[in-house]
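Chain and residue survey
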Amino acid sequence: MKNKIITYSFVIFISIFMILSVITKKDEISISERRHLANMPKFTLEGILDKNNSYSNKLNDYLMDHFIGRETFKKIKSFTSNYIFQNKENHGVFENNGYLFQLDYEVNNASLKHLSELIREIDNNYLTTQNRYFAMIPDKNYYLKNNDIPKLNYERMENFLKENIPNNTKWIDIKDTLNLSSYYYTDIHWKQEILEPTLKRLQEEMKLSFTTFPTKKNEYSPFYGALYGKYPKMDDVLTYLTNEIIENSSVYNYEKKSFTKVYQEKNLNNVDSYDIFLEGPTPILIIDNPIQKNNKSLIMFRDSFGSSLAPLLIENYSKITLIDLRYVSSKMLSEIKEIDLRDDSDVLFLYSVPIINNSFALK
(Lines give C-alpha, C1' and ligand atoms only; values in the text may rest on other atoms or scores of the structure.)
Protein backbone atom coordinates (compact mmCIF):
# COMPACT_ATOMS: atom_id res chain seq x y z
CA MET A 1 0.00 0.00 0.00
CA LYS A 2 2.84 2.37 0.86
CA ASN A 3 4.53 1.74 -2.52
CA LYS A 4 1.26 2.46 -4.34
CA ILE A 5 0.84 5.78 -2.52
CA ILE A 6 4.40 6.79 -3.42
CA THR A 7 3.87 5.76 -7.06
CA TYR A 8 0.53 7.53 -7.41
CA SER A 9 1.91 10.65 -5.72
CA PHE A 10 4.86 10.71 -8.10
CA VAL A 11 2.62 10.29 -11.17
CA ILE A 12 0.29 13.05 -9.96
CA PHE A 13 3.24 15.36 -9.27
CA ILE A 14 4.75 14.77 -12.72
CA SER A 15 1.36 15.25 -14.39
CA ILE A 16 0.70 18.55 -12.60
CA PHE A 17 4.25 19.69 -13.37
CA MET A 18 3.78 18.95 -17.10
CA ILE A 19 0.35 20.61 -17.23
CA LEU A 20 1.69 23.75 -15.57
CA SER A 21 4.63 23.76 -17.97
CA VAL A 22 2.20 23.73 -20.90
CA ILE A 23 -0.34 26.32 -19.70
CA THR A 24 1.94 28.93 -18.11
CA LYS A 25 3.23 31.92 -20.08
CA LYS A 26 6.26 30.99 -22.17
CA ASP A 27 9.50 32.88 -22.72
CA GLU A 28 10.61 33.13 -26.33
CA ILE A 29 14.33 33.20 -25.61
CA SER A 30 16.72 31.96 -22.96
CA ILE A 31 18.92 34.86 -21.87
CA SER A 32 21.47 32.63 -20.17
CA GLU A 33 21.79 30.26 -23.14
CA ARG A 34 21.53 33.00 -25.79
CA ARG A 35 19.07 31.07 -27.96
CA HIS A 36 15.43 30.91 -28.96
CA LEU A 37 13.42 28.34 -27.06
CA ALA A 38 11.46 25.61 -28.84
CA ASN A 39 7.88 26.27 -29.92
CA MET A 40 4.97 23.91 -29.27
CA PRO A 41 4.92 21.53 -32.28
CA LYS A 42 1.79 21.40 -34.37
CA PHE A 43 -0.10 18.17 -33.82
CA THR A 44 -0.50 16.18 -37.05
CA LEU A 45 -1.20 12.56 -37.81
CA GLU A 46 1.83 12.45 -40.09
CA GLY A 47 4.04 13.67 -37.25
CA ILE A 48 2.70 10.99 -34.90
CA LEU A 49 3.23 8.22 -37.46
CA ASP A 50 6.64 9.46 -38.60
CA LYS A 51 9.15 6.67 -38.12
CA ASN A 52 11.75 9.22 -36.98
CA ASN A 53 9.45 10.33 -34.14
CA SER A 54 9.61 13.95 -35.32
CA TYR A 55 6.57 15.05 -33.33
CA SER A 56 7.60 13.35 -30.10
CA ASN A 57 11.14 14.72 -30.45
CA LYS A 58 9.86 18.26 -30.99
CA LEU A 59 7.42 17.90 -28.09
CA ASN A 60 10.23 16.67 -25.87
CA ASP A 61 12.36 19.69 -26.86
CA TYR A 62 9.44 21.99 -26.09
CA LEU A 63 8.79 20.48 -22.67
CA MET A 64 12.48 20.53 -21.78
CA ASP A 65 12.72 24.21 -22.75
CA HIS A 66 9.63 25.31 -20.84
CA PHE A 67 9.36 23.29 -17.65
CA ILE A 68 8.54 25.29 -14.54
CA GLY A 69 11.54 26.80 -12.76
CA ARG A 70 14.01 25.83 -15.49
CA GLU A 71 16.26 28.87 -15.00
CA THR A 72 16.16 28.43 -11.21
CA PHE A 73 17.22 24.79 -11.48
CA LYS A 74 20.07 25.83 -13.80
CA LYS A 75 21.29 28.36 -11.24
CA ILE A 76 21.07 25.79 -8.44
CA LYS A 77 23.12 23.36 -10.53
CA SER A 78 25.70 26.06 -11.25
CA PHE A 79 25.86 27.09 -7.57
CA THR A 80 26.31 23.47 -6.49
CA SER A 81 29.03 22.88 -9.05
CA ASN A 82 30.90 26.12 -8.29
CA TYR A 83 30.62 26.51 -4.52
CA ILE A 84 29.96 23.06 -3.11
CA PHE A 85 32.08 20.93 -5.44
CA GLN A 86 34.49 23.83 -6.14
CA ASN A 87 34.56 23.21 -9.89
CA LYS A 88 36.29 26.06 -11.72
CA GLU A 89 35.71 24.66 -15.22
CA ASN A 90 32.38 23.95 -16.88
CA HIS A 91 32.19 22.70 -20.47
CA GLY A 92 35.26 24.60 -21.61
CA VAL A 93 34.60 27.76 -19.58
CA PHE A 94 36.89 28.71 -16.69
CA GLU A 95 36.02 31.13 -13.87
CA ASN A 96 38.61 33.31 -12.16
CA ASN A 97 37.82 36.29 -9.90
CA GLY A 98 34.41 36.74 -11.47
CA TYR A 99 35.68 36.72 -15.06
CA LEU A 100 34.70 33.87 -17.37
CA PHE A 101 37.28 32.57 -19.82
CA GLN A 102 36.74 30.33 -22.81
CA LEU A 103 39.49 27.72 -22.74
CA ASP A 104 41.57 27.53 -25.91
CA TYR A 105 45.20 26.53 -25.58
CA GLU A 106 46.29 24.85 -28.83
CA VAL A 107 47.47 27.04 -31.69
CA ASN A 108 45.77 25.92 -34.89
CA ASN A 109 48.51 26.20 -37.51
CA ALA A 110 46.14 25.31 -40.33
CA SER A 111 43.85 28.15 -39.27
CA LEU A 112 46.72 30.67 -39.22
CA LYS A 113 47.74 29.49 -42.68
CA HIS A 114 44.18 29.80 -43.97
CA LEU A 115 43.82 33.36 -42.67
CA SER A 116 47.15 34.55 -44.04
CA GLU A 117 46.40 32.99 -47.44
CA LEU A 118 42.99 34.65 -47.50
CA ILE A 119 44.54 38.06 -46.77
CA ARG A 120 47.10 37.52 -49.53
CA GLU A 121 44.33 36.63 -51.99
CA ILE A 122 42.43 39.80 -51.12
CA ASP A 123 45.64 41.79 -51.47
CA ASN A 124 46.41 40.30 -54.87
CA ASN A 125 42.89 40.43 -56.28
CA TYR A 126 41.55 43.76 -55.02
CA LEU A 127 44.21 46.02 -53.60
CA THR A 128 46.61 48.31 -55.45
CA THR A 129 48.03 51.34 -53.67
CA GLN A 130 45.78 51.36 -50.60
CA ASN A 131 47.28 51.70 -47.13
CA ARG A 132 47.06 48.24 -45.53
CA TYR A 133 47.05 47.46 -41.80
CA PHE A 134 46.57 44.39 -39.63
CA ALA A 135 45.73 44.31 -35.91
CA MET A 136 45.30 41.19 -33.78
CA ILE A 137 42.90 41.49 -30.84
CA PRO A 138 44.00 39.25 -27.94
CA ASP A 139 41.39 37.17 -26.19
CA LYS A 140 41.07 38.02 -22.51
CA ASN A 141 42.96 34.82 -21.60
CA TYR A 142 46.10 36.71 -22.66
CA TYR A 143 45.72 38.94 -19.60
CA LEU A 144 45.02 36.13 -17.16
CA LYS A 145 47.78 36.06 -14.55
CA ASN A 146 46.70 32.70 -13.16
CA ASN A 147 48.97 29.95 -14.52
CA ASP A 148 46.62 27.16 -13.46
CA ILE A 149 45.25 26.85 -16.98
CA PRO A 150 47.22 26.58 -20.23
CA LYS A 151 47.01 29.47 -22.69
CA LEU A 152 47.71 29.94 -26.37
CA ASN A 153 51.23 30.71 -27.49
CA TYR A 154 50.44 34.27 -28.59
CA GLU A 155 54.01 35.02 -29.62
CA ARG A 156 53.98 32.06 -31.96
CA MET A 157 50.69 33.18 -33.51
CA GLU A 158 51.95 36.72 -33.94
CA ASN A 159 55.25 35.68 -35.50
CA PHE A 160 53.53 33.35 -37.97
CA LEU A 161 51.12 36.03 -39.13
CA LYS A 162 53.80 38.69 -39.41
CA GLU A 163 55.82 36.37 -41.63
CA ASN A 164 52.91 35.29 -43.83
CA ILE A 165 50.65 38.28 -44.40
CA PRO A 166 51.74 40.57 -47.29
CA ASN A 167 54.86 42.63 -46.62
CA ASN A 168 53.01 45.82 -47.58
CA THR A 169 50.56 45.33 -44.68
CA LYS A 170 51.61 47.22 -41.56
CA TRP A 171 51.29 45.32 -38.28
CA ILE A 172 49.68 47.37 -35.48
CA ASP A 173 50.34 46.01 -32.00
CA ILE A 174 47.44 46.81 -29.63
CA LYS A 175 48.11 44.28 -26.85
CA ASP A 176 49.44 46.85 -24.40
CA THR A 177 46.45 49.15 -24.94
CA LEU A 178 44.16 46.58 -23.30
CA ASN A 179 43.97 44.71 -20.02
CA LEU A 180 41.62 42.25 -18.35
CA SER A 181 39.17 44.99 -17.35
CA SER A 182 38.82 45.87 -21.05
CA TYR A 183 36.58 42.81 -21.42
CA TYR A 184 33.16 41.85 -20.13
CA TYR A 185 32.95 39.46 -17.19
CA THR A 186 30.54 37.12 -18.97
CA ASP A 187 31.48 37.60 -22.62
CA ILE A 188 34.51 37.28 -24.89
CA HIS A 189 34.17 40.80 -26.32
CA TRP A 190 35.89 44.00 -25.30
CA LYS A 191 34.05 46.96 -23.78
CA GLN A 192 33.63 49.90 -26.10
CA GLU A 193 34.03 52.46 -23.30
CA ILE A 194 37.54 51.14 -22.53
CA LEU A 195 38.88 51.44 -26.09
CA GLU A 196 40.31 54.97 -26.05
CA PRO A 197 43.97 53.80 -25.80
CA THR A 198 43.34 51.26 -28.58
CA LEU A 199 41.69 53.90 -30.76
CA LYS A 200 44.63 56.26 -30.24
CA ARG A 201 47.12 53.53 -31.18
CA LEU A 202 45.25 52.80 -34.41
CA GLN A 203 44.98 56.50 -35.25
CA GLU A 204 48.69 56.99 -34.61
CA GLU A 205 49.80 54.02 -36.72
CA MET A 206 47.33 54.80 -39.52
CA LYS A 207 48.33 58.49 -39.54
CA LEU A 208 44.85 59.69 -38.63
CA SER A 209 43.90 62.77 -36.66
CA PHE A 210 43.33 62.18 -32.97
CA THR A 211 39.65 62.66 -32.22
CA THR A 212 37.71 63.40 -29.05
CA PHE A 213 36.60 60.14 -27.48
CA PRO A 214 32.77 60.02 -27.25
CA THR A 215 31.58 60.99 -23.80
CA LYS A 216 27.83 60.40 -24.00
CA LYS A 217 27.26 57.02 -22.34
CA ASN A 218 24.20 54.84 -22.70
CA GLU A 219 24.00 51.86 -20.35
CA TYR A 220 22.00 48.65 -20.55
CA SER A 221 21.77 46.09 -17.79
CA PRO A 222 21.69 43.34 -17.01
CA PHE A 223 23.77 42.19 -19.98
CA TYR A 224 24.30 38.43 -20.13
CA GLY A 225 27.32 37.49 -22.24
CA ALA A 226 27.87 34.36 -24.28
CA LEU A 227 29.59 32.57 -21.37
CA TYR A 228 26.99 33.45 -18.76
CA GLY A 229 25.05 30.20 -19.20
CA LYS A 230 27.99 28.19 -17.87
CA TYR A 231 28.25 30.28 -14.67
CA PRO A 232 24.97 32.17 -14.18
CA LYS A 233 25.89 34.01 -11.00
CA MET A 234 26.68 37.57 -12.17
CA ASP A 235 26.01 39.82 -15.12
CA ASP A 236 27.49 42.82 -16.93
CA VAL A 237 26.60 46.38 -17.83
CA LEU A 238 26.75 47.06 -21.57
CA THR A 239 27.77 50.63 -22.42
CA TYR A 240 27.58 52.17 -25.87
CA LEU A 241 29.06 55.59 -26.61
CA THR A 242 27.76 58.27 -28.90
CA ASN A 243 28.22 61.87 -29.98
CA GLU A 244 26.86 64.21 -32.64
CA ILE A 245 28.85 62.58 -35.44
CA ILE A 246 27.79 59.03 -34.56
CA GLU A 247 24.16 60.09 -34.17
CA ASN A 248 24.12 61.81 -37.56
CA SER A 249 25.81 59.00 -39.47
CA SER A 250 23.76 56.52 -41.47
CA VAL A 251 24.45 52.83 -41.99
CA TYR A 252 23.55 50.99 -45.18
CA ASN A 253 22.89 47.29 -44.65
CA TYR A 254 23.75 45.54 -47.92
CA GLU A 255 21.90 42.36 -46.98
CA LYS A 256 18.65 44.13 -46.02
CA LYS A 257 19.03 46.90 -48.64
CA SER A 258 18.06 49.47 -46.03
CA PHE A 259 19.48 52.37 -44.04
CA THR A 260 19.68 52.40 -40.27
CA LYS A 261 21.44 54.22 -37.46
CA VAL A 262 24.72 53.15 -35.85
CA TYR A 263 22.83 52.04 -32.75
CA GLN A 264 19.31 50.59 -32.75
CA GLU A 265 18.11 50.18 -29.20
CA LYS A 266 15.59 47.51 -30.19
CA ASN A 267 18.57 45.22 -30.72
CA LEU A 268 19.18 45.24 -26.99
CA ASN A 269 16.23 42.85 -26.78
CA ASN A 270 17.83 40.38 -29.19
CA VAL A 271 19.16 37.03 -28.01
CA ASP A 272 22.53 38.81 -27.94
CA SER A 273 22.30 42.40 -26.69
CA TYR A 274 25.76 43.02 -28.19
CA ASP A 275 23.81 43.42 -31.46
CA ILE A 276 23.34 47.06 -30.40
CA PHE A 277 26.70 47.58 -32.08
CA LEU A 278 25.96 47.87 -35.81
CA GLU A 279 23.21 45.23 -35.84
CA GLY A 280 25.41 42.29 -34.93
CA PRO A 281 26.45 39.65 -37.51
CA THR A 282 26.10 41.31 -40.92
CA PRO A 283 27.96 40.64 -44.21
CA ILE A 284 28.47 44.23 -45.40
CA LEU A 285 27.74 47.57 -43.76
CA ILE A 286 28.57 51.00 -45.15
CA ILE A 287 28.72 53.91 -42.70
CA ASP A 288 28.30 57.37 -44.19
CA ASN A 289 29.45 60.37 -42.18
CA PRO A 290 27.94 63.53 -43.71
CA ILE A 291 29.80 65.82 -41.30
CA GLN A 292 33.28 64.68 -42.41
CA LYS A 293 34.18 66.24 -45.79
CA ASN A 294 37.66 64.78 -46.27
CA ASN A 295 36.39 62.15 -48.74
CA LYS A 296 38.58 59.60 -46.95
CA SER A 297 37.38 56.00 -46.77
CA LEU A 298 38.17 52.91 -44.70
CA ILE A 299 37.59 49.28 -45.64
CA MET A 300 37.55 47.13 -42.50
CA PHE A 301 37.69 43.34 -42.75
CA ARG A 302 36.47 42.37 -39.31
CA ASP A 303 34.68 40.05 -36.94
CA SER A 304 32.22 41.00 -34.18
CA PHE A 305 34.87 42.95 -32.23
CA GLY A 306 34.95 45.48 -35.06
CA SER A 307 31.27 46.30 -34.51
CA SER A 308 32.03 48.23 -31.34
CA LEU A 309 35.29 49.78 -32.58
CA ALA A 310 34.05 51.10 -35.92
CA PRO A 311 31.74 53.77 -34.40
CA LEU A 312 34.79 55.28 -32.69
CA LEU A 313 36.55 55.68 -36.06
CA ILE A 314 33.63 57.35 -37.85
CA GLU A 315 34.92 60.88 -37.18
CA ASN A 316 38.09 60.14 -39.15
CA TYR A 317 36.33 59.13 -42.37
CA SER A 318 33.61 60.14 -44.78
CA LYS A 319 32.82 56.48 -45.32
CA ILE A 320 33.61 53.20 -43.58
CA THR A 321 32.83 49.84 -45.20
CA LEU A 322 32.76 46.84 -42.88
CA ILE A 323 33.11 43.39 -44.42
CA ASP A 324 32.55 40.20 -42.42
CA LEU A 325 33.92 37.28 -44.43
CA ARG A 326 32.00 34.81 -42.29
CA TYR A 327 28.87 35.86 -44.15
CA VAL A 328 30.12 36.93 -47.57
CA SER A 329 32.78 35.26 -49.71
CA SER A 330 35.88 37.25 -50.61
CA LYS A 331 35.43 35.97 -54.17
CA MET A 332 32.16 37.92 -54.42
CA LEU A 333 33.56 41.32 -53.47
CA SER A 334 34.25 42.43 -57.04
CA GLU A 335 30.57 41.90 -57.87
CA ILE A 336 29.30 44.19 -55.11
CA LYS A 337 29.23 47.68 -56.56
CA GLU A 338 28.64 49.26 -53.15
CA ILE A 339 32.20 48.35 -52.12
CA ASP A 340 34.42 51.20 -53.22
CA LEU A 341 38.07 50.11 -53.09
CA ARG A 342 39.61 53.39 -54.17
CA ASP A 343 43.37 53.57 -54.49
CA ASP A 344 43.67 56.01 -51.59
CA SER A 345 41.51 54.03 -49.15
CA ASP A 346 42.76 52.68 -45.86
CA VAL A 347 42.31 48.93 -45.45
CA LEU A 348 42.30 47.45 -41.94
CA PHE A 349 42.25 43.73 -41.20
CA LEU A 350 41.02 43.59 -37.60
CA TYR A 351 40.61 40.08 -36.18
CA SER A 352 40.32 38.66 -32.70
CA VAL A 353 42.28 35.65 -31.49
CA PRO A 354 39.18 33.40 -31.30
CA ILE A 355 38.61 33.96 -35.04
CA ILE A 356 42.30 33.86 -35.95
CA ASN A 357 42.66 30.47 -34.29
CA ASN A 358 39.44 29.20 -35.88
CA SER A 359 39.46 31.04 -39.21
CA PHE A 360 37.85 28.44 -41.44
CA ALA A 361 34.54 30.28 -41.04
CA LEU A 362 36.10 33.05 -43.16
CA LYS A 363 35.48 32.57 -46.87
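Above: the structure in question.
Let me sum up the structure you'll find in this document. Sequence order as written defines residue numbering, which begins from 1 separately in each chain. It should be noted that, the model being predicted, local features are given only for residues of pLDDT at least 70 and side-chain atom pairs only at 80 or more, the latter also being counted only at that level, while totals for whole chains, interfaces and linings use all residues. Note: side-chain values were computed over all heavy atoms of the structure, leaving out hydrogens and water.

1. Description of the pairing of strand E4 (residues 93-96)
Burial here depends on accessible area, computed with a 1.4 Å probe over protein chains only, as a share of the maximum for the residue type. Under 20% is buried, over 50% is exposed, and the range in between is partly exposed. Note on conventions: DSSP H or I runs of at least 4 residues are helices, E runs of at least 2 residues are strands, and numbering of each starts at the N terminus. Of the two faces of E4, the one holding Val-93 and Glu-95 and the one holding Phe-94 and Asn-96 are both buried throughout. DSSP calls a pair of strands paired once it identifies at least 2 bridges connecting them. Where E4 and strand E5 (residues 99-102) come together, four bridges link them in antiparallel fashion. What sits directly across from Glu-95, in E5, is Leu-100. In this antiparallel pair of consecutive strands, E4 and E5, the connection spans two residues, and Asn-97 shows a positive phi of 50 degrees.

2. Looking at the pattern of salt bridges
Oppositely charged side chains may form a pair once their charged atoms are brought near each other. By salt bridge we mean one thing: a side-chain nitrogen of Lys or Arg within 4 Å of a carboxyl oxygen of Asp or Glu. For the structure shown, the criterion picks out eleven salt bridges. Salt-bridge contacts for Lys-175 lead to Asp-173; the nearest nitrogen and oxygen are separated by 2.8 Å. On the basis of relative accessibility, which here comes to 15%, the residue Lys-175 falls in the buried class. With relative accessibility at 31%, the residue Asp-173 sits in the partly exposed group. One salt bridge in this structure joins Arg-201 and Asp-176, with 2.9 Å as the shortest N-O distance. One end of the pair, Arg-201, is in helix H7 (residues 196-205); the other, Asp-176, is in the loop between strand E7 (169-172) and H7, and 25 residues separate them in sequence. With a relative accessible area of 57%, Asp-176 lands in the exposed category. Several salt bridges converge on common partners, so that one network encompasses Glu-158, Lys-162, Asp-173 and Lys-175.

3. A closer look at unusual backbone geometry
The omega torsion of the bond from Ser-221 to Pro-222 falls at -5 degrees, within 30 degrees of zero and hence cis. By the secondary structure assignment, Pro-222 is in strand E8 (residues 216-223). Of note in this structure, Asn-97 is not a glycine but carries a positive phi near 50 degrees. Turning to its location among the elements, Asn-97 is positioned in the loop between E4 and E5.

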